[in-house]
Amino acid sequence: MAIELIAIDMDGTLLNPQHEVTPAVKQALSAAVKQGVQIVLATGRPFIGIKRYLQELDLQQEGCYCISNNGALVHNAADGSIVAETTLDFNDYLYFESLARLLGVGYHALTYSDLYTANQDISPYSIHEAYITGIPLHYRSVEQMDRSMRFPKVMMIDHPEMLDHAITQIPQDAKERYTIMKSSPYYLEILDKTVNKGQGVKKLAEKLGIARENIMTLGDQENDIAMLEYAGLGVAMGNALDSVKAVSQFVTKNNTEDGVAFAIDKFVLNK
């Protein structure tokens with residue numbers, strides 16, 4: 001099996017706990033690119049939170065792509081222009097904003113370029129999202145929001161124990177009508193029913209004419225499961241959830257031990 005495309009989650013996978021790409025991982029990615037492999041960052045982050053890593057890895061070029069918002073948007077890496085998209089509308093925003101208030105957890109919504117919350121007491125997890133990704137954060141009451149807005153995703157956010165309790169209270173019909181999954185202990189991602197990282201990778205692979213058996217994906221969290229299942233070779237990080245390891249063909253080292261480099265060396269560079 002010749003790997004032609006590698007889709008890599010960022011937080012907990014590509015990045016170490018300090019949100020850095022280590023020299024060993026950079027070297028492995030560069031060597032893979034020299035062999036003609038397409039490297040695709042596939043993340044829950046918005047595009048603004050991917051840009052500096054694309055620059056750092058020399059992937060902000062024509063012919064390079066990335067996947068943001070857990071598969072809702074596929075971008076040209078060179079300029080962020082959108083290749084494919086599936087988004088939520090204002091009625092979806094209203095439904096989950098009301099539900100989050102009812103369940104007593106924080107809530108925010110991402111547009112193509114900004115992060116909005118109607119919580120007057122802005123959640124520290126909204127502030128964390130803005131800080132980590134660089135996306136501008138705005139307080140807007142529901143009445144102040146533009147009803148024509150589209151949202152790649154909306155999120156319930158809170159302390160892990162509060163969020164886990166809220167998840168048990170989400171109506172079953174909502175779980176059936178939307179893609180709902182955790183990307184971290186304090187983030188619950190809500191997207192269109194057809195959206196996940198697996199579908200994002202599939203759309204891009206079809207555009208590029210790459211068969212799924214020639215794709216390797218790497219991840220660590222629940223929101224990575226769909227792309228690990230889609231790929232010919234799904235690789236879980238050593239620090240991944242057990243549920244992620246269970247659907248993977250291989251478990252590599254932790255993100256603190258250059259796990260991405262270890263997998264690329266083994267399956268792509270044949271070291």
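These numbers come from a predicted model, not from an experiment. (Residues numbered from 1 in each chain as written. Predicted model: local features only at pLDDT ≥ 70, side-chain atom pairs only at ≥ 80, totals over all residues. Heavy atoms only, no water.)

Take helix α4 (residues 124–133) next. An α-helical turn contains 3.6 residues, so any two residues separated by three or four positions project in the same direction. Along α4, the residues classified as buried are Tyr 125, Ser 126, Glu 129, Ala 130, Ile 132 and Thr 133. Contacts from the buried residues of α4 go to β6 (106–110), β7 (115–117), β8 (137–139), β9 (153–157), α5 (160–169) and β11 (187–192). Gly 134 sits one or two positions beyond α4 and adopts a positive phi of about 85°. (Buried < 20%, exposed > 50% of the residue type's maximum accessible area, 1.4 Å probe, protein only. Helix = DSSP H or I, 4+ residues; strand = E, 2+ residues; numbered from the N terminus. Contact = heavy atoms within 4.5 Å.)

Over its 12 residues, helix α1 (residues 23–34) runs 17 Å from end to end, which matches the ideal 16 Å to within 8%, given 1.5 Å per residue. Where α1 is buried, its residues touch β1 (5–8), β2 (38–42) and α10 (259–267). Gly 36 lies just past α1 and shows a positive phi near 90°. (Expected span 1.5 Å × (residues − 1).)

What follows deals with the pattern of salt bridges. Per the stated rule, a full pass over the model turns up 9 salt bridges. Linking Lys 197 and Asp 224 is a salt bridge whose minimum nitrogen-to-oxygen distance equals 2.6 Å. Of this pair, Lys 197 sits in helix α7 (residues 197–208) while Asp 224 sits in the loop between β12 (215–219) and α8 (225–230), placing them 27 residues apart in sequence. (Salt bridge = Lys/Arg side-chain N within 4 Å of Asp/Glu carboxyl O.)

A few words on the pairing of strand β13 (residues 233–236). Regular strands show a simple pattern: their side chains alternate between the two faces of the sheet. By the alternation rule, side chains of β13 split into Leu 233 and Val 235 and Gly 234 and Ala 236, which are all buried. Of the strand pairs in this sheet, β12 and β13 are connected by 4 bridges, and their pairing is parallel. Each residue of the ladder has a partner; that of Gly 219, found in β13, is Ala 236. The parallel pair β12 and β13, bridged by α8, forms a crossover whose chirality is right-handed. Note that β13 and strand β14 (residues 250–251) share 2 bridges and pair parallel. Following the sheet pairing, Val 235 is matched in β14 by Phe 250. (Pairing = 2+ DSSP bridges. Right-handed = clockwise from strand over helix to strand, strands pointing away.)

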